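Reading the structure
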Amino acid sequence: MTRPRQIKLGAFLMATGHHAAAWRHPDAQADAGVNVAHYRQIVQTAERAKFDLVFVADSPAGWPRAKEPEARQRSSQGAHFEPLTLWSALSQVTENIGFVATASTTYEDPYLLARRFASLDHLSGGRAAWNVVTTGADVSHNFSVAGHPAHADRYARAEEFVDLVLDLWDSHEDGAFPRDKDSGIYVDLDRVHQLNHKGAHFSVRGPLNVPRPPQGHPVVVQAGASEPGRRLAARTAEMIFTANQTLADAQAFYADVKGRLAGFGRRPEDLLIAPGIFPVLGGTEAEARRNHDDIQNLIHPAIAWEILGRHYQGRDLSGLSLDDKAPPLPESTELNKSRLALVTDLVARGNLTLRQLYLSVAGARGHREVVGTPEQVADAMQDWFDHGAADAFNIMPPVLPRGLDDFVAEVVPILRRRGLFRDDYEGPTLRENLGLARPENRFAARRRITAAE
């Protein structure tokens with residue numbers, strides 16, 4: 001009997017929570033970004049609830065929050081752990097939950113990245129995933145590079161980068177290290193492959209100096225929703241983190257990306273779509289709205305203008321008040337293209353004031369906000385899951401740890417009662433729990449195909 005399709009769940013962790021003012025909330029751990037005990041608590045909470053994965057976003061440089069010292073002092077984004085280091089530590093105090101780390105194809109090296117993620121997959125027993133990003137913001141000032149590449153150039157590099165990393169993860173076939181003491185054979189050289197890669201951006205001989213990862217290779221996640229991003233995801237990704245505001249938009253994105261898979265010899269089930277959702281809970285809808293208002297009221301005015309300044313990059317807003325109508329967003333912005341389109345649509349559709357705009361993005365940054373009872377949050381998730389808009393959800397707690405604790409205690413049991421979420425893990429690896437096949441080694445596949453011809 002085929003098991004009914006069920007929702008996959010990720011916990012998208014920002015140190016103190018996703019809301020811009022989360023660190024000021026009484027329930028927040030203010031030093032959370034560099035507090036490993038805090039992360040251990042919330043990751044173990046997610047695992048007890050049988051979440052598939054935990055995820056942290058990351059940038060290869062400090063977030064360009066605000067130019068005014070007063071605003072910077074009120075931002076909590078400047079101090080947090082490097083994700084692979086954090087996940088390596090927490091993989092040792094968990095057993096089943098997967099770990100997704102962000103790493104940039106623009107400011108990383110393919111060989112070193114492949115080595116670190118392969119190591120995490122071994123350390124965790126097959127629970128690693130790489131969130132592929134090209135880095136929209138200009139952080140070139142911290143690197144020995146000649147400026148920040150244009151969008152098209154970043155994706156051209158990313159296409160080669162991802163293929164190279166996949167080849168490096170496969171540069172040792174399964175069983176390449178017999179380590180036979182009797183024969184004295186440590187490595188089977190017939191199962192070791194040099195890449196001898198020479199491309200437009202990289203030259204790498206290989207092989208990788210880490211054996212093939214337990215999952216075959218870490219799960220590949222992608223978050224770009226621009227045209228080049230969708231193309232890269234359809235060709236290489238196994239999960240997409242996406243931001244959508246409405247069911248119609250989410251359905252259109254889902255159908256578009258899934259519809260591209262056949263062109264790359266892939267099936268719809270080979271790629272999971274996971275929109276972000278920012279749940280604000282209360283015993284009643286009115287209580288949930290009061291909880292939402294309480295955290296919205298913690299936004300310092302300097303941060304409000306800083307949020308607006310990032311969206312109106314280069315535009316002088318000094319002559320406007322927060323109650324003036326939000327003008328159209330400029331085409332030139334530090335936001336990535338897909339997020340710019342989403343916020344531009346939000347402004348146009350909502351006829352918002354500047355105050356309403358910053359309040360709309362201060363929590364979920366363009367992801368869907370659901371403010372209501374646990375039943376209402378579960379209803380919202382089921383609606384998208386049942387109507388071709390999502391395979392999974394990336395839960396974005398407003399404040400941590402309480403936001404995740406409440407979701408686990410109040411929403412997860414409802415999803416279980418409806419048969420929408422698991423009672424226990426399907427297996428020890430992230431692939432098994434996500435329902436993704438273990439990939440065949442690329443070099444072994446080429447040899448098999450050649451032999452059959």
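Positions within a chain are numbered from 1, following the residues in the order the chain's sequence is written. With the structure being a predicted model, the display of local features is reserved for residues of pLDDT at least 70 and the display and counting of side-chain atom pairs for 80 or more, all residues being used for whole-chain, interface and lining totals. The basis for every side-chain value is the complete set of heavy atoms in the structure, and neither hydrogens nor water enter the calculation.

A closer look at helix H13 (residues 402-410)
- Exposed residues in this analysis have more than 50% of their type's maximum accessible area, buried residues have under 20%, and partly exposed residues fall in between, with area computed by a 1.4 Å probe over protein chains only. Strands are runs of DSSP state E lasting at least two residues, helices are runs of H or I lasting at least four, and both sets are numbered from the N terminus onward. Here H13 has its buried residues at Gly-403, Leu-404, Phe-407 and Val-408. Seen end-on, H13 carries its buried residues on one side only, within an arc spanning 130°.
- Note on contacts: a residue pair qualifies if any of its non-hydrogen atoms lie within 4.5 Å across the two residues. On its buried side, H13 packs onto strand E1 (8-12), helix H1 (36-48), strand E9 (272-281), helix H12 (374-386), strand E11 (392-395) and helix H14 (412-417). Arc, as used here, means the arc of the directions from the helix axis to the C-beta atoms.

Quick look at the pairing of strand E10 (residues 368-372)
- A large share of E10 lies buried, amounting to 4 of its 5 residues.
- Taken together, the 5 bridges between E9 and E10 define a ladder with parallel strand orientation. Paired with Ile-277 across the strands is Arg-368, a residue of E10. Being paired, for any two strands, means DSSP has found at least two bridges between them.

Observations concerning the pattern of salt bridges
- The salt bridge definition used is simple: a Lys or Arg side-chain nitrogen within 4 Å of an Asp or Glu carboxyl oxygen. Using the criterion set out here, one finds 30 salt bridges in the structure.
- As a salt-bridge pair, Arg-402 and Asp-27 come within 2.8 Å of each other at their nearest N and O atoms. Of this pair, Arg-402 sits in helix H13 while Asp-27 sits in the loop between E1 and H1; the two residues are 375 residues apart in sequence, bridging distant segments of the chain.
- Using a relative accessible area of 44% as the deciding quantity, one classes Arg-402 as partly exposed.
- A relative accessible area of 30% means that Asp-27 is categorised as partly exposed.
- One salt bridge in this structure joins Glu-375 and Arg-418, with 2.8 Å as the shortest N-O distance. Of this pair, Glu-375 sits in helix H12 while Arg-418 sits in the loop between H14 and helix H15 (430-434), and the two are 43 residues apart along the sequence.
- Here Glu-375 falls in the partly exposed class, since its relative accessible area comes to 38%.
- Taken together, the shared-partner salt bridges in this structure form one network comprising Glu-159, Asp-163, Asp-167, Arg-235, Arg-442 and Arg-446.

Considering the packing of H1 against H13
- A fitted line through C-alpha atoms represents every axis, and for helices the fit uses only the stretch in contact; the resulting angles, taken between N-to-C directions, go from 0 to 180 degrees. Two numbers describe how H1 lies on H13: the axes approach to 10 Å, and their chain directions differ by 15°. Considered as vectors, H1 and H13 are oriented roughly parallel to each other. With respect to the hand of their crossing, H1 and H13 are arranged in left-handed fashion. Here Gln-41, Ile-42, Thr-45 and Ala-46 of H1 lie close against H13, whose contacting residues are Leu-404, Asp-405 and Val-408.
- Only Asp, Glu, Lys and Arg are considered charged in this grouping, and only Ala, Val, Leu, Ile, Met, Phe, Trp, Tyr, Cys and Pro are considered nonpolar; every other residue, Gly among them, is considered polar. Its residues placed into classes, the contact of H1 with H13 shows 4 nonpolar, 2 polar and 1 charged. For classification, angles of less than 35 degrees are called roughly parallel, those exceeding 145 degrees roughly antiparallel, those between 65 and 115 degrees roughly perpendicular, and all remaining angles oblique. Left-handed is the label given to a crossing in which the near helix is rotated counterclockwise from the far helix by less than a right angle, and right-handed is the label when the rotation is clockwise.

Points about the nonpolar core
- Counting 72 residues, the largest nonpolar core has Leu-9, Phe-51, Trp-87, Trp-130, Trp-169, Met-381 and Phe-393 as the members making the most contacts within it.
- Discounting chain neighbours no more than four positions away, the residues touching Met-381 are Leu-9, Ile-277, Phe-393, Ile-395, Phe-407, Val-411 and Leu-415.
- Counting 22 residues, the second largest nonpolar core, distinct from the first, contains Leu-53, Phe-55, Met-239 and Ala-288. Residue types Ala, Val, Leu, Ile, Met, Phe, Trp, Tyr and Cys, when buried and joined through side-chain atoms within 4.5 Å, form a set referred to as a nonpolar core.

These figures come from the coordinates and say nothing about function on their own.
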